[in-house]
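The chain contents come next:
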Amino acid sequence: AISGNHVIQKLIEKLSLNDLNDIYSVSLNNIIKLSKHQYGCRVIQRLFKYCNEEQIKSMLSQLFTDINDLIQDQYGNYVIQFILENQSINKEKLSPIYESLKGNVFKYSFHKFASNVLERCLTYGDEKQRKALIDEIIELDEKNPDIIINMVKDRFANYVIQKMVEHSDNNNQQKLIKIIMSKQSMIKNYGFSKYVLSYIEKINGGNIK
């Protein structure tokens, strides 16, 4: 399976678009299953790199039918991350990924695989897309204090918070930092908080206050 996977990846790289069609057709019909497979997910990523715009559109359409499952899957999440990182894919076409995150930002932040997708969304999304994700957490924290602090202390969610601080507009960045620093003495030796506190210190030029 490993060597077969490498052969198919190499074929995708070398074949003309016309000759690539057979591999594309088979993969399209099984795209969800392949995306959740240890080696199949690599083949799908290669297809996204080498297929034409129309083929990419069809693949995205199929993937989006099971987007929430893929975001949380141990292999499917890599396919979604690849799509988000590939800047040649029109961001407007990727809006279903961001739509699927609505109402799930807090839950996904604590998930081993989905948290990686969230980080990519915060890194590669446009200003409006990023703001929607960050606003959801800030508004949740206003209703349920310590939501953000719980994220700061978590092994996966702390990285999501760092990305939120990094990619916030100035207003939201100050809100996040204020919430976190208000509990600094309480959390500095707790869980993974030190990574977030170190990051805030770094962006503030060494000033932790």
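First, a word on what this report is: a plain description of the structure on this page. (Residues numbered from 1 in each chain as written. Predicted model: local features only at pLDDT ≥ 70, side-chain atom pairs only at ≥ 80, totals over all residues. Heavy atoms only, no water.)

Bringing the overall build of the chain into the picture now. A count of helical and extended segments in the chain gives 16 helices and zero strands. Taken over 209 residues, the chain has a buried fraction of 44%. Of the contacts formed within the chain by residues at least 6 apart in sequence, a portion of 69% connects residues at least 24 apart. When the accessible surface of the chain is summed, it comes to about 11100 Å², and 47% of that surface belongs to carbon and sulfur atoms. (Helix = DSSP H or I, 4+ residues; strand = E, 2+ residues; numbered from the N terminus. Buried < 20%, exposed > 50% of the residue type's maximum accessible area, 1.4 Å probe, protein only. Contact = heavy atoms within 4.5 Å. Areas by Shrake-Rupley, 256 points an atom, 1.4 Å probe, with all protein chains shown as cover.)

This part is about the side chain of Ser 168. Positionally, Ser 168 belongs in the loop between helix 13 (157-167) and helix 14 (170-181). For Ser 168, the side chain forms a polar contact with the main-chain oxygen of Met 164, separated by 2.4 Å. (Polar contact = N/O pair within 3.5 Å; in protein donor to acceptor, adjacent residues only side chain to side chain.)

Another point: the packing of helix 13 against helix 16 (residues 193-203). The N-to-C vectors of helix 13 and helix 16 enclose an angle of 20°; their axes lie 9 Å apart at closest approach. Classified by the interaxial angle, the pair formed by helix 13 and helix 16 is roughly parallel. Once helix 13 is placed against helix 16, the crossing between them reads as right-handed. Mapping the contact onto sequence places Asn 158, Ile 161, Gln 162, Val 165 and Glu 166 in helix 13 and Tyr 195, Val 196, Tyr 199 and Ile 203 in helix 16. (Axes fitted to C-alpha atoms, helices over the stretch in contact; angles between N-to-C directions. Parallel < 35°, antiparallel > 145°, perpendicular 65-115°, else oblique. Left-handed = near helix turned anticlockwise from the far one by under 90°.)

Below, the discussion takes up helix 5 (residues 53-63). Burial in helix 5 covers these residues: Gln 55, Ile 56, Met 59, Leu 60 and Leu 63. Buried residues along helix 5 cover an arc of 135° about the axis, so they all sit on one side. Structural note: helix 5 exposes Glu 54 and Lys 57 on the side pointing more than 90 degrees away from its buried face. Its side-chain oxygen at 3.2 Å from the backbone nitrogen of Glu 54, Asn 52 defines the N-terminal cap of helix 5. (Arc of directions from axis to C-beta.)

Turning our attention to the packing of helix 11 (residues 127-143) against helix 14. Direction vectors running N to C along helix 11 and helix 14 enclose 40°, while the axes themselves pass 11 Å from each other. One way to sum up the angle between helix 11 and helix 14 is to call them oblique. The way helix 11 lies across helix 14 gives a crossing that is left-handed. Here helix 11 contributes Lys 131, Ile 134, Asp 135, Ile 138 and Asp 141 to the contact with helix 14, which in turn contributes Asn 172, Lys 175, Leu 176 and Ile 179. Taken together, the residues of the contact of helix 11 with helix 14 break down into four nonpolar, one polar and four charged. (Nonpolar A, V, L, I, M, F, W, Y, C, P; charged D, E, K, R; others polar.)

It is worth spelling out the pattern of salt bridges at this point. This model, assessed by the stated rule, comprises eight salt bridges. One salt bridge in this structure joins Glu 53 and Lys 93, with 3.0 Å as the shortest N-O distance. You can see Glu 53 sitting in helix 5 and its partner Lys 93 sitting in the loop between helix 7 (76-85) and helix 8 (95-101), a full 40 residues away along the chain. A residue is classified by how much of its surface remains accessible, and Glu 53, at 58% relative accessible area, is exposed. (Salt bridge = Lys/Arg side-chain N within 4 Å of Asp/Glu carboxyl O.)

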